Amino acid sequence: MNPAIRTENLGKHFGRTAALDGVSLAVPEGAIYALVGRNGAGKTTLIKLLMNILRPSAGSARVLDADATRLAGKGFRGIGYVSENQELPNWMTVGALLDFCRPFYPHWDREFAERLVEQFDLPLKRQLRQLSRGMRMKAAFVSALAYRPRLIVLDEPFSGLDPLVRDELIDSLLELAGESTIFLSSHDLAEIESLASHVGYLEEGHLLFSEEMSTLSARFRDVTVTLPEAVSARADSPAAPGIPSVWIDVQVSGPVIRFVHTQFEGEAAERQVAEAFPAALSIVYDPMPLRAIFLAVAKSQRNLSRLAQANASARTVKP
Amino acid sequence: MKQILHIFSKDVRRLWIETLLSLAAAALFAWVTPKSWQSGPILLQNPYQEIAGLVYLLLPLSWGLLIARLIHGEVMVGDRQFWITRPYEWPKLLAAKALFVAVFIYLPFLSMEAAILLEAGFNPLSYIPGLLYRLLLISLVFFPLIGLASVTSNLVRMALTILSIFAAYIIALSTLAFRHNGNSIGVSFSPAAAGGNVTVAVVLLVCSAVIVLQYARRRVLVARLLLGSAPILVFLTSWVCNTSLSVDRNYSPAAQTDASVIRMIPFEQDGERRAAAHIWGSSGNGNFSNIDSKKWAVIKISLRASGVAAGDRWQLDAFRPALTPANGAALKLNWQPGQQVFDTPDDSNALSYKTLDFVIPRADFERLKSSQLTLRLDFALTQARSARSWQFPLTKGDFMIPDLASCSAIDNREQGVLHISGVFCRFPLRMPPLTTVTALQTRGPCELAPAQPGDPSLPTSISIGDFGTAPASFGISMEQGQLLNNTIFGSSTSDPKIVPIRLCPGTPVVVTQYRKVRAVQTGVTIENFRLGD
């Protein structure tokens, strides 16, 4: 089965700024793919490239077996797109918006739409401009889900919404999980942990990883090593000699060393750590929640880029 | 088709206020325009004229507003619009917008024009080609507006862009006016003045390309650049069409032996007649009164025509001077506008010289003024011949000249005696082919018998129209013009020695319409010409 979304070396430059660089990912059909990353990491740019709102500077993207740069007209019948920044026709009432959208979609499910309207408690006769942000997002959701699209693309859909609205929207998405592929970007790591089957992490336009949630959880471990005596503080340097590159966010506190193992593959990884610390009094491996994984990765990336900048400055200064 | 109608009906629901405003403006214009036509006594104020003036402004504004709101309903600029990730098919979206413009702008415009024609006494069905051609011409307003709306994100930005374009246009005009351009001064920059159909085609094509590009691909930057190039293309078209290329194409050289072509006789070559000559034409700097005399020198040439056949009329459309000194470089100018008419048969008792004036750079004048020069003048002439004529007694009030105009005589009463101070006419969709109107003015009060041919009276004559072949001109409503004007001593005077000259009711009026016979180039060479003469 072809993936619902596939990108290869996708890049987007705005002048000299690379918003996205060499992004390759695949989203299997039926997956709930969460794209995470800090502000300005390139999440919205990637989504806009997938939706043919922007044109790529490099690479390619295929969405539902079609070249994303040719996505138009009928190609959107199978795609439901909602963005936090989307400009809706605010002069319309909720009812008019749904009535207007319906004829565009041959598979519009009137009953499902009515159920969503009821579930979201949407006032059909109110103009969109008179609604709160949360209500407008609900209306946008109904208009994007009512035709049971094969692919649902959501750009920061829950940003700034109260928890109740968020849960309602997530429930409506879960109702379509399985029959639709869902691709969403989000800041909120806690909520996507319960929702996503796949996850991708963007950092400064680069995709650091893209994989199934279960694999991700399995390969990250928070490792705590207790030694008989205190070690040098230099050991926490990311480039400290002797520390494998798969160990990140290394922290030293007296005789205790903590780091995140990013390629934890059971006994082999345990053996590797044990060999690195033969005098260790104890070594503890803790599974990590998604939030902790991302924080560790983000911190590690930041340290690496600072180090790279420092090295570059040093090279410049050296006669 | 379903999607087209679906989007169309959405736009109708959304824009009902703007649409009603636009339709009301069109209806008001159709109603008030005939009422604003000048008629009746001269001193009677016509209150409808001010209303018509206001509606004349309101109408294009309402169209602009409607077009902007329509196109911005599915705005093409930006990446946050709801509709761009919906199954809109661009040809259908564009068709829906086109349908809206056709139904709520073009159709009302057509109806408004037809209603005004009808009110003026013309059957609109007889003017269908003209009405359709006028729709094409009014697209010169609508297409750029649609194009602009498609490259702007909202009404305010569009309005600011229009204002900027007007400002740039005014600056360009003021910069180009009276700037030396090769060997000619002044550059015509109006689509009507130059380029004609080519300019219309350029504007419509560029705007269409912008609109299609935006709807098909939303390439805002490219579309903006393309739209920005339109004025440059129009300027280039006008320039190309205004230069000698246009004259050389449209005026065929006449053989020197062709006796049917009038002979232009410069004052310098007129021998003994010079003493009896009467020169009509500009005095002082004439057409160049605002010129900087430190940079430019005005040269005047007086000439008359010989060989004008009775009933013929020769228009000097353009002339091209070249001054060649015995030693040194020749000064060759481009075609200059002529604006003179020769319609008097050769008559030694009625020698009438007319003046052609042109400018040359002051530096060239200083270089050439002391030299013996050879002046070569090329002429572009149009020969016209009387084709139709109407004769009727001048009456007070409104009257029709069949197939030509709907007219109103403006009457005036002086010491209880009625006379006509002018005749204003409305012409269907365009000015008529070249038409001359002649009437005799009575010397003395109008209670005397009206002037008759042979009376000791003064003729008054006005020419109107041109030889354009287009069935309509650019604009809204009827073309208007003055056919007769009683101005010579027509105003009241308390000096009893001055006998007023009047256009009196009952005076025979002769309207002659000309047809173009041919356009020819001819020329004359003046040896031993001196600039100081």
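Residues numbered from 1 in each chain as written. Chains lettered and ligands numbered in written order. Predicted model: local features only at pLDDT ≥ 70, side-chain atom pairs only at ≥ 80, totals over all residues.

Structural notes on the overall build of chain B
Link 1 in the chain: On a plain count of helices and strands, chain B comes out with 10 helices and 20 strands.
Link 2 in the chain: Looking at chain B residue by residue over its 533 residues, the buried ones come to 34%. (Helix = DSSP H or I, 4+ residues; strand = E, 2+ residues; numbered from the N terminus. Buried ≥ 20, exposed ≤ 12 C-beta atoms within 10 Å, placed from the backbone.)

Re the overall build of chain A
Link 1 in the chain: Helices and strands together make up the secondary structure of chain A, namely nine helices and 14 strands.
Link 2 in the chain: In terms of overall dimensions, chain A has C-alpha extents of about 70 × 45 × 40 Å along its principal axes.
Link 3 in the chain: For chain A, with 319 residues in total, the buried portion stands at 36%.
Link 4 in the chain: Contacts in chain A between residues far apart in sequence, at least 24 positions, make up 72% of those at least 6 positions apart. (Contact = placed C-beta atoms within 7 Å.)

Focus: the sheet that holds strand β1 (residues 5–14) of chain A
Residues and elements named next belong to chain A.
Link 1 in the chain: Read from one edge to the other, the open sheet built from four strands follows the order β2-β1-β4-β5, with strand pairing classed as antiparallel. At either margin of the open sheet sits one strand with a lone partner, and together these are β2 (17–27) and β5 (66–67).
Link 2 in the chain: Pairing of β1 with β2, which is carried by seven bridges, proceeds in the antiparallel orientation. Within β2, the position partnered with His13 by the bridge is Ala18. (Pairing = 2+ DSSP bridges.)

Looking at the confidence of the model for chain B
Link 1 in the chain: Averaged over every residue, the pLDDT of chain B is 81; residues scoring 70 or more account for 83%.
Link 2 in the chain: Taken together, the stretch residues 488–492 of chain B has pLDDT below 50 and engages in 12 contacts with residues farther than four places along the chain or on a different chain. (pLDDT = per-residue confidence, 0-100.)

Let's talk about the interface of chain A and chain B
Link 1 in the chain: Counting residues at the interface gives 20 residues for chain A, matched by 15 residues for chain B.
Link 2 in the chain: When its residues are assigned to classes, the side of chain A that touches chain B shows 13 nonpolar, three polar and four charged. (Nonpolar A, V, L, I, M, F, W, Y, C, P; charged D, E, K, R; others polar.)

Details of the domain arrangement of chain A
All names here are of chain A.
Link 1 in the chain: The domain architecture assigned to chain A consists of domain 1 (5–216) and domain 2 (220–317).
Link 2 in the chain: Measuring from the centre of the C-alpha atoms in domain 1 to the corresponding centre in domain 2 gives 36 Å.
Link 3 in the chain: In this assembly, nine residues from domain 1 lie in contact with nine residues from domain 2.
Link 4 in the chain: Taken together, the elements giving at least two residues each to the side of domain 1 that touches domain 2 come down to α6 (189–193) and β9 (198–203).
Link 5 in the chain: Among the elements that line the side of domain 1 that touches domain 2, the one with the most residues is α6, at three residues. (Domains from an automatic or database assignment.)

A look at the pairing of strand β13 (residues 397–401) of chain B
Residue and element names in this part refer to chain B.
Link 1 in the chain: Relative to strand β14 (residues 405–414), β13 is paired through five bridges, and the arrangement is antiparallel. The partner of Ile401 across the bridge, within β14, is Ala405.
Link 2 in the chain: Counted along the chain from β13 to the antiparallel partner β14, the turn is three residues long, and its residue Asp403 has a positive phi close to 60 degrees.

As for the nonpolar core
Link 1 in the chain: Tyr33, Ala34, Leu50, Val142, Val153 and Phe183 of chain A are the most contacted members of the largest nonpolar core, which totals 85 residues.
Link 2 in the chain: At seven residues, the largest contribution of residues to this core is made by helix α4 (residues 133–145) of chain A.
Link 3 in the chain: Three or more residues apiece are contributed to this core by two domains, here domain 1 (5–216) and domain 2 (220–317) of chain A.
Link 4 in the chain: Ignoring sequence-local partners within four residues, the contact set of Phe183 of chain A consists of Ile5, Val27, Tyr33, Leu35, Leu151 and Val153 of chain A.
Link 5 in the chain: Core analysis: the next-biggest nonpolar cluster, separate from the first, contains 76 residues, Leu148, Val151, Val206 and Leu429 of chain B among them. (Core = buried A, V, L, I, M, F, W, Y, C linked by C-beta atoms within 7 Å.)

Thoughts on the sheet that holds strand β3 (residues 32–37) of chain A
All names here are of chain A.
Link 1 in the chain: Within the open sheet, the six strands sit side by side as β6-β7-β8-β3-β9-β10. Their pairing is mixed. Strand pairing shows two members of the sheet lacking a second neighbour, β6 (79–83) and β10 (206–212), which therefore form its edges. The sheet shows a mean angle of 10 degrees between the axes of neighbouring strands, direction not considered.
Link 2 in the chain: Sheet topology places strand β7 (residues 151–155) next to strand β8 (residues 181–186); five bridges connect them, and they run parallel. (Axes fitted to C-alpha atoms, helices over the stretch in contact; angles between N-to-C directions.)

Some words on the domain arrangement of chain B
Residues and elements named next belong to chain B.
Link 1 in the chain: The domain architecture assigned to chain B consists of domain 1 (2–37 + 47–245), domain 2 (257–386 + 519–529) and domain 3 (395–506).
Link 2 in the chain: Taken together, the contact between domain 1 and domain 3 spans 16 residues of the former and 14 residues of the latter.
Link 3 in the chain: Listed by contribution, the elements that provide at least two residues to the side of domain 1 that touches domain 3 are α4 (90–120) and α5 (128–150).
Link 4 in the chain: Ranked by the residues each element gives to the side of domain 1 that touches domain 3, the list is headed by α5, at six residues.
Link 5 in the chain: Residue composition of the side of domain 1 that touches domain 3, grouped by class: 12 nonpolar, three polar and one charged.

What to know about helix α7 (residues 197–217) of chain B
In an α-helix there are 3.6 residues to a turn, and that puts residues three or four apart on one side.
All names here are of chain B.
Link 1 in the chain: Between its first and last C-alpha atoms α7 spans 29 Å; for 21 residues at 1.5 Å apiece the expected length is 30 Å, and the two agree.
Link 2 in the chain: Taken together, the buried positions of α7 are occupied by Thr199, Val200, Val203, Val206, Cys207, Val210, Ile211, Leu213, Gln214 and Tyr215.
Link 3 in the chain: Arg218 lies just past α7 and shows a positive phi near 50 degrees. (Expected span 1.5 Å × (residues − 1).)

Examining the packing of helix α3 (residues 48–72) of chain B against α4 of chain B
All names here are of chain B.
Link 1 in the chain: For the pair α3 and α4, the least separation of the axes is 11 Å and the interaxial angle reads 160 degrees. For the element pair α3 / α4, the angle class is roughly antiparallel. Our pair here, α3 against α4, has a crossing hand that is right-handed. For the pair α3 and α4, the contacting residues are Trp63, Leu66, Ile67, Leu70 and Ile71 in the first and Lys97, Phe100, Val101, Phe104 and Ile105 in the second.
Link 2 in the chain: For the contact of α3 with α4, the class distribution of residues is nine nonpolar, no polar and one charged. (Parallel < 35°, antiparallel > 145°, perpendicular 65-115°, else oblique. Left-handed = near helix turned anticlockwise from the far one by under 90°.)

Some remarks on unusual backbone geometry
All names here are of chain A.
Link 1 in the chain: A positive phi angle, close to 50 degrees, is found at Asn9, a residue other than glycine.
Link 2 in the chain: Along the chain, Asn9 falls in strand β1.
Link 3 in the chain: Taking the number of C-beta atoms within 10 Å as the measure of exposure, Asn9 has 13 and is therefore partly exposed.
Link 4 in the chain: Despite not being glycine, Asp249 shows a phi value in the positive range, around 55 degrees.
Link 5 in the chain: Inspection of the secondary structure assignment puts Asp249 in strand β12 (residues 247–253).

Some words on α5 of chain B
Link 1 in the chain: The end-to-end C-alpha distance of α5 of chain B, which contains 23 residues, comes to 31 Å, matching closely the 33 Å that a straight helix rising 1.5 Å per residue would cover.
Link 2 in the chain: Along α5 of chain B, the sharpest kink reaches roughly 40 degrees, centred on Leu140 of chain B and followed within four residues by the proline Pro144 of chain B. (Bend = angle between axes of the 7 residues up to and from the residue.)

With respect to the pairing of β10 of chain A
Link 1 in the chain: Where β9 of chain A and β10 of chain A come together, six bridges link them in antiparallel fashion. Residue Glu203 of chain A lies in a different strand from β10 of chain A, and its bridge partner there is His206 of chain A.

Comments concerning the confidence of the model for chain A
Link 1 in the chain: In this model, chain A carries a mean pLDDT of 87, and residues with pLDDT of at least 70 account for 94%.
Link 2 in the chain: Looking across chain A, the model is least confident in helix α9 (residues 290–317) of chain A, with a mean pLDDT of 75, and most confident in helix α2 (residues 94–101) of chain A, with 95.

Quick word on the packing of helix α2 (residues 16–36) of chain B against α3 of chain B
Residues and elements named next belong to chain B.
Link 1 in the chain: Close contact between α2 and α3 brings their axes to 8 Å; oriented N to C, the two are set at 155 degrees. On the basis of their axis angle, the class for α2 and α3 is roughly antiparallel. Pair α2 / α3 crosses with left-handed handedness. Mapping the contact onto sequence places Glu18, Thr19, Leu21, Ser22, Ala25, Ala26, Leu28, Phe29, Val32, Thr33, Lys35 and Ser36 in α2 and Tyr48, Gln49, Ile51, Ala52, Val55, Leu58, Leu59, Ser62, Trp63, Leu65, Leu66 and Arg69 in α3.

Some details on the environment of Gly465 of chain B
All names here are of chain B.
Link 1 in the chain: Take Gly465: it is sitting in the loop between β17 (458–464) and β18 (479–485).
Link 2 in the chain: Exposure remark for Gly465: the 18 C-beta atoms within 10 Å place this residue in the partly exposed category.
Link 3 in the chain: For the pair Gly465 and Arg430, spaced 35 residues apart in sequence, the C-alpha to C-alpha distance is 8.5 Å.
Link 4 in the chain: When near neighbours in sequence (up to four residues on either side) are disregarded, Gly465 contacts Met431, Pro432, Pro433, Leu434 and Thr435.

Quick look at the environment of Glu8 of chain A
All names here are of chain A.
Link 1 in the chain: Residue position: Glu8 is located in strand β1.
Link 2 in the chain: Between the C-alpha atom of Glu8 and that of Pro157, which follows or precedes it by 149 residues, the distance is 25 Å.
Link 3 in the chain: Those residues within four positions of Glu8 in sequence are excluded, and the remaining contacts are Ser24, Gly59 and Ser60.

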